[in-house]
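Examination of the molecular architecture
Spelled out, the chains give:
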Amino acid sequence: MKQIYKVRISRTFFFTSFLVIQLLLIIIFILKFNRYFAAFYGFSIFLSLAAVLWIINNNSNPIYKIAWIVPIMLFPIFGGLFYLFFGGNQMRRKKKDKRNSVQTQTLESLILNEETIDLLEKENPNAARQARYIQKSANYPLYLNNGAEYLSSGEQKFEKLKDQLAKAEKFIFLEYFIIEEGLMWNGILDILKEKAAKGLDVRVLYDGAGCLETLPLNYDSKLGEYGIKSRVFNPMIPVLSTRLNNRDHRKIAVIDGTTGFIGGINLADEYINKIEKYGHWKDAAVMLSGRAVWSLTVMFLSMWNYTKGLADNPAAYRRDDFIQKEADGYIQPFADSPLDNESISEAVYLNMIYNAKKNIYITTPYLIIDNEMVTALSTAAKSGVDVRIITPYYGDKFFVHEATQSYFPVLIESGVKILEYTPGFIHSKTLVVDDEFGVVGTINMDYRSFYLHFECGVWMYRCSCLSDIIRDFEEMIRICKEVTLENIKTTSWIQTLFRSVLRMFAPLM
């Protein structure tokens, strides 16, 4: 633990220090050339106005626009510069073009099956419309009769993942936002070393920001010494840049192309409650088997190839020797990218919510939503749909937790039931509608997941594991505390004002 703490302090201190130094150099430059202040002031005002015009006319969410326009107008001298460095929600055009070329190559490997959607159309036209949207917008196909097992905790996933890794015979692909040295990762790493030594194709992809405080610098080189291929998505370079915004928030594991894992669980000890950070850590994942795993393979290789340019042909990893399961519903894994100018994840959620007839059950660590989502949830509740949302009792980020609670009044007044997970922190990202539709993935209900991060999930219709998700949700309700209007009325006016201010800037959190 001391070694891990030392890594966190050193890397974070190094990164932050360099950013602060750059800001100080800019200030010193301005002071040194104060005789040119009038020219600098005029340029800054022009830049801020240009930034505001750009924000107003781009296609981003209106609330995201307001969150940037307000500080720019309050601080016009530095507002435009600050937006230039940190405000972009897309990578440079060169990187975007490279990403698109890789995406084109990998998506060509996916076979879009209209026959399966036509079959679903006969069963449920509404379900077919949802599946068709995902296939058309995200380019990921719908699968019938594949295996899907719900894993209701990090502990369950850890044991299942180790078991499947031990059975690997050809390749292992891991893509995670956070990897941290400790019991969970070390147990997995031991298996990866063994498999790599036997000649298996073992690859690990992790995010530069997610692992800034959890892994040593150049950890990918260390993995290479074990025969494990490793890459870092968008490494954290201490240079003021918009590229800091876009992160790989996915959590994917693929074993031999026949078994895959997807969900909210990273590879760190708090996810299996071996260390306690914010009380008991509650999370969830789904283990897939069958042809649907091919979509996860493509997701991984798409991101892997992007980090170093075109490399592997995904078709070389395709498996067709599956035993088809009978009557286990429809499964559609999908990926979401901030570079396609469409919030696919939010659209999937909104589609399901607006079509709900009986109930909507949601678990999310953050509830920082735009007007469209507030309207959808409120409308559903006012229409008589049983809408319940479980959020953490203990937040992992103070400001984000306070901003989450700023949305409680309007939702509760509309009839939405807000329940706080009293044992600790709930990190699972699940949505179940009418006991027939469900999504499990990496998608938080906040602006970063909907607009800035690379995310993934699996949409399901009439899968047997949906009953397990519902059962888990009902068991959590018993240990949750419902937030009522009476609770909200006891909130001090200072805290209410503080939350209102945070809500204004929530899209930037």
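Our structure is the block above this text.
Overview of the structure.

What to know about the overall build of the chain
When helices and strands are tallied, the chain shows 19 helices and 18 strands. By residue count, 57% of the 509 residues in the chain fall in the buried class. Long-range pairs, those at least 24 residues apart, make up 82% of the contacts in the chain with a sequence separation of at least 6.

Remarks on the pattern of salt bridges
Within the structure shown, the criterion is met by 18 salt bridges. Where Asp-435 meets Lys-358, a salt bridge forms, and the shortest distance between an N and an O atom there is 3.8 Å. With Asp-435 in the loop between strand 15 (430-433) and strand 16 (437-441) and Lys-358 in the loop between helix 12 (344-354) and strand 11 (359-363), this pair connects stretches of sequence that are 77 residues apart. Assessed through its relative accessible area of 49%, Lys-358 is described here as partly exposed.

Thoughts on the pairing of strand 17 (residues 455-461)
For strand 17, a buried count of seven out of seven residues is recorded, marking the element as mostly surrounded by other parts of the structure. Burial along strand 17 is two-sided: Glu-455, Gly-457, Trp-459 and Tyr-461 facing one way and Cys-456, Val-458 and Met-460 facing the other are all buried. Alignment of strand 16 against strand 17, held across five bridges, turns out to be antiparallel. In the sheet register, Val-439 faces strand 17, and the bridge partner there is Trp-459.

Description of the nonpolar core
Grouped together as the largest cluster of nonpolar side chains are 143 residues, with contacts concentrated most on Trp-185, Ile-188, Leu-192, Ile-360, Leu-377, Trp-459 and Met-460. Top contributing element to this core by residue count: helix 11 (residues 293-308), with ten residues. Filtering out sequence-adjacent residues up to four positions away, Leu-192 remains in contact with Leu-165, Ile-172, Leu-174, Trp-185, Val-202, Val-204 and Ile-228.

A short note on the sheet that holds strand 12 (residues 386-392)
Here we have nine strands laid out as an open sheet, ordered 1-10-17-16-15-11-12-13-18, and mixed in their pairing. Taken across any chain shown, the strands that pair with only one partner, and hence form the sheet edges, are strand 1 (143-144) and strand 18 (480-483). Across the sheet, helix 11 is in contact with strand 1, strand 10 (330-336) and strand 17; its angle to strand 10 comes to roughly 10°.

Looking at the state of the cysteines
Throughout the structure, instances matching the rule amount to zero disulfides. Between Cys-463, a free cysteine, and Cys-465, which holds the nearest cysteine sulfur, the sulfur-to-sulfur gap is 5.3 Å.

As for the packing of aromatic side chains
Summed over the entire model, instances satisfying the criterion amount to 22 aromatic pairs. Between Tyr-278 and Trp-281 the ring centres are 6.3 Å apart and the planes differ by 40°, which places this aromatic pair in the tilted class. With relative accessibility at 26%, the residue Tyr-278 sits in the partly exposed group. When the ring of Tyr-361 is compared with that of Phe-473, the centres are 4.6 Å apart and the planes differ by 10°; the resulting orientation is stacked. Within this pair, whereas Tyr-361 is found in strand 11, its partner Phe-473 is found in helix 17 (residues 465-477), the two being separated by 112 residues in sequence. Residue class for Phe-473 comes out buried when judged on its relative accessible area of 3%. In textbook terms, an aromatic cluster arises when at least three aromatic residues are bridged by ring pairs, as seen for Phe-171, Phe-173, Phe-300, Trp-304 and Tyr-317.

Description of the pairing of strand 7 (residues 259-263)
Most of strand 7 is tucked away, with five of its five residues classed as buried. Burial along strand 7 is two-sided: the residues Thr-259, Phe-261 and Gly-263 and Gly-260 and Ile-262 are all buried. Pairing of strand 6 (residues 251-255) with strand 7 involves four bridges; the strand directions are antiparallel. Paired with Ile-252 across the two strands is Ile-262, which belongs to strand 7. Hairpin connection of strand 6 to strand 7: three residues between the antiparallel strands, including Asp-256 at a positive phi of 60°.

Remarks on the side chain of Glu-455
Residue placement: Glu-455 occurs in strand 17. Although Glu-455 lies buried, it forms no salt bridge, and the closest oppositely charged side chain, Lys-251, sits 5.4 Å away as judged by the N-O distance. Reaching out from Glu-455, the side chain makes a polar contact with the side chain of Thr-442 at a distance of 2.5 Å. In this structure the side chain of Glu-455 is engaged in a polar contact, spanning 2.8 Å, whose partner is the side chain of Ser-449. Not counting chain neighbours up to four residues away, the residues in contact with Glu-455 comprise His-249, Arg-250, Phe-334, Ala-335, Asp-336, Ser-345, Thr-442, Ile-443 and Ser-449.

Some remarks on the sheet that holds strand 5 (residues 229-233)
Pairing is mixed in the open sheet, where seven strands are placed in the order 2-9-7-6-3-4-5. What marks the edges here is a single partner per strand, and that holds for strand 2 (147-151) and strand 5. Adjacent strand axes in the sheet meet at a mean angle of 10° when their direction is disregarded. Examined bridge by bridge, strand 7 and strand 9 (residues 285-289) share five bridges and lie antiparallel to one another. What sits directly across from Gly-263, in strand 9, is Ala-285. Most of the contacts of helix 11 go to strand 5, to which it runs at about 75°, and overall it touches strand 3 (171-176), strand 4 (201-207), strand 5, strand 6, strand 7 and strand 9.

Brief notes about a nonpolar patch on the surface
Judged by side-chain polarity, Trp-493, Ile-494, Leu-497 and Val-501 come together as a nonpolar surface patch covering roughly 450 Å² of accessible area. Looking at the element boundaries, Leu-497 is found in helix 19 (residues 493-504). Leu-497 sits in the partly exposed class, given a relative accessible area of 49%.

As for the packing of helix 6 (residues 114-123) against helix 7 (residues 125-138)
It is at 6 Å that the axes of helix 6 and helix 7 come closest, and there the two elements cross at 155°. As judged from the angle between their axes, helix 6 and helix 7 are roughly antiparallel. Side by side, helix 6 and helix 7 meet where Glu-114, Ile-117, Asp-118, Leu-120, Glu-121 and Glu-123 of the first sit next to Pro-125, Ala-127, Ala-128, Ala-131, Arg-132 and Gln-135 of the second. When the residues that make up the contact of helix 6 with helix 7 are grouped by side-chain class, the tally is six nonpolar, one polar and five charged.

Looking at helix 7
Residue pairs three or four apart in sequence face the same way in an α-helix, which turns once every 3.6 residues. With 14 residues, helix 7 ought to run about 20 Å at 1.5 Å a step, and its terminal C-alpha atoms sit 20 Å apart, in line with that. Inspection of helix 7 places Asn-126, Ala-127, Ala-128, Gln-130, Ala-131, Ile-134, Gln-135, Ser-137 and Ala-138 among the buried residues, and these make up the whole buried set. Looking one or two places after helix 7, you find Asn-139, whose phi comes out positive at around 70°.

Details of unusual backbone geometry
Residues other than glycine seldom take positive phi values, yet Asn-145 does so here, at roughly 60°. Along the chain, Asn-145 turns up in the loop between strand 1 and strand 2. Here the phi dihedral of Asn-234 falls at roughly 50°; this positive angle occurs in a residue that is not glycine. Within the element layout of this structure, Asn-234 appears in the loop between strand 5 and strand 6. The exposure class assigned to Asn-234 is buried, which follows from its relative accessible area of 8%.

Each value, and the rule that gives it
Residues numbered from 1 in each chain as written. Predicted model: local features only at pLDDT ≥ 70, side-chain atom pairs only at ≥ 80, totals over all residues. Heavy atoms only, no water. Helix = DSSP H or I, 4+ residues; strand = E, 2+ residues; numbered from the N terminus. Buried < 20%, exposed > 50% of the residue type's maximum accessible area, 1.4 Å probe, protein only. Contact = heavy atoms within 4.5 Å. Salt bridge = Lys/Arg side-chain N within 4 Å of Asp/Glu carboxyl O. Pairing = 2+ DSSP bridges. Core = buried A, V, L, I, M, F, W, Y, C linked by side-chain atoms within 4.5 Å. Axes fitted to C-alpha atoms, helices over the stretch in contact; angles between N-to-C directions. Disulfide = S-S within 2.5 Å. Phe/Tyr/Trp six-rings, centres within 6.5 Å; stacked < 30°, edge-to-face > 60°. Lys, Arg positive; Asp, Glu negative; His and termini not counted. Polar contact = N/O pair within 3.5 Å; in protein donor to acceptor, adjacent residues only side chain to side chain. Patch = residues over 30% accessible without salt bridge, like charges linked within 9 Å, V, L, I, M, F, W, Y side chains within 5 Å. Areas by Shrake-Rupley, 256 points an atom, 1.4 Å probe, with all protein chains shown as cover. Parallel < 35°, antiparallel > 145°, perpendicular 65-115°, else oblique. Nonpolar A, V, L, I, M, F, W, Y, C, P; charged D, E, K, R; others polar. Expected span 1.5 Å × (residues − 1).

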